[in-house]
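Geometric and topological summary
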Amino acid sequence: ELRFHDEIKNNLDFTGYTKIKLHLIDNYPTVKTSMIINDEEYSGFFGLDSGADDALTILAPYVKKNDLESKMPKVGSASSKGSDGLVLVSPLVLCPELLFANKVLYNVPITLSTAKEGIDATDKMIGIFGNAFLKKFNTIIDFKNGYVYYKLNKNLYEKFY
């Protein structure tokens, strides 16, 4: 469900929400967050893509730079088809801990991108959250002031896939 509010008549209830600074990278909305893998923290900018149907994609340059495929258990593979018709197959692994909006989520399935071009091949972000993850939160985006607010919802314990 998507709602728009007139800021003049804004009477939103922010009770229970965590406020996070919203960053734009090439006009792409991102937030800072972290993954904990084998007691090592990987922090940086993660994009927000409510149109993507996966939980989280870690972008190819970051995967390669940090040898992430060898650090997490592989549980399968994911295929994606771009607008150009190209199909990519990428490993699907379990991230032991993900720190997001002052919450810790465990065993989050993530796709390790193998893309050589496009957004999944950029080195400006670590990864991109998709709707399978984002739907676990109610979200308020305040573009004018540069913040996003998250609150866990009833979907927290629903399976990612």
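Relevant structure appears above.
This part is about the packing of aromatic side chains. Applying the stated criterion across every chain yields a total of 12 aromatic pairs. Taken together, the ring pairs in this structure connect Phe46, Phe100, Phe129, Phe133, Phe137, Tyr150 and Phe160 into an aromatic cluster. Lying across the ring of tyrosine 147, lysine 19 places its NZ or CZ 4.2 Å from the centre. Over the ring of phenylalanine 160 we find lysine 136, and its NZ or CZ is 4.4 Å from the ring centre.

What follows covers the side chain of aspartate 54. Mapped onto the fold, aspartate 54 is located in the loop between β4 (40-48) and β5 (56-58). Buried charge aspartate 54 goes without a salt bridge, the closest partner of opposite sign being lysine 135 at 11 Å. Apart from the residues lying within four places of it in its own chain, the contact partners of aspartate 54 are Thr111, Gly130, Asn131, Ala132, Phe133 and Tyr161.

Let's shift gears to the sheet that holds strand β1 (residues 18-21). Taken in spatial order, the three strands of this open sheet run β1-β11-β10, and their pairing is antiparallel. The sheet is open, and its two borders are formed by β1 and β10 (137-142), each paired with just one other strand. On average, adjacent strands in this sheet sit at an angle of 25° to one another, irrespective of strand direction. One ladder, built from six bridges, connects β10 with strand β11 (residues 147-152); its direction is antiparallel. Following the sheet pairing, isoleucine 141 is matched in β11 by valine 148.

Relative to the assigned elements, threonine 114 resides in the loop between β8 (103-112) and β9 (127-129). When its relative accessible area of 32% is taken as the criterion, threonine 114 is described as partly exposed. Taking the C-alpha atoms as reference points, threonine 114 and isoleucine 58, 56 residues apart in sequence, are found 9.4 Å from one another. The contact partners of threonine 114, leaving out residues within four places of it in the chain, are Ala60, Leu88, Val89, Ser90 and Pro91. There is a polar contact of 3.3 Å between the side chain of threonine 114 and the backbone oxygen of valine 89.

Moving on, we come to the pairing of strand β7 (residues 87-100). Consecutive side chains of a regular strand alternate in pointing toward one face of the sheet and then the other. Note that strand β3 (residues 28-37) and β7 share three bridges and pair antiparallel. Opposite isoleucine 36, over in β7, you have glutamate 97 as the bridge partner. Inspection of the sheet shows strand β6 (residues 74-81) paired to β7 by seven bridges, in the antiparallel sense. Residue pairing in the sheet places serine 80 in a bridge with leucine 88 of β7.

Conventions and cut-offs
- Residues numbered from 1 in each chain as written.
- Predicted model: local features only at pLDDT ≥ 70, side-chain atom pairs only at ≥ 80, totals over all residues.
- Heavy atoms only, no water.
- Phe/Tyr/Trp six-rings, centres within 6.5 Å; stacked < 30°, edge-to-face > 60°.
- Lys NZ or Arg CZ within 6 Å of the ring centre and 35° of its normal.
- Helix = DSSP H or I, 4+ residues; strand = E, 2+ residues; numbered from the N terminus.
- Buried < 20%, exposed > 50% of the residue type's maximum accessible area, 1.4 Å probe, protein only.
- Lys, Arg positive; Asp, Glu negative; His and termini not counted.
- Salt bridge = Lys/Arg side-chain N within 4 Å of Asp/Glu carboxyl O.
- Contact = heavy atoms within 4.5 Å.
- Pairing = 2+ DSSP bridges.
- Axes fitted to C-alpha atoms, helices over the stretch in contact; angles between N-to-C directions.
- Polar contact = N/O pair within 3.5 Å; in protein donor to acceptor, adjacent residues only side chain to side chain.

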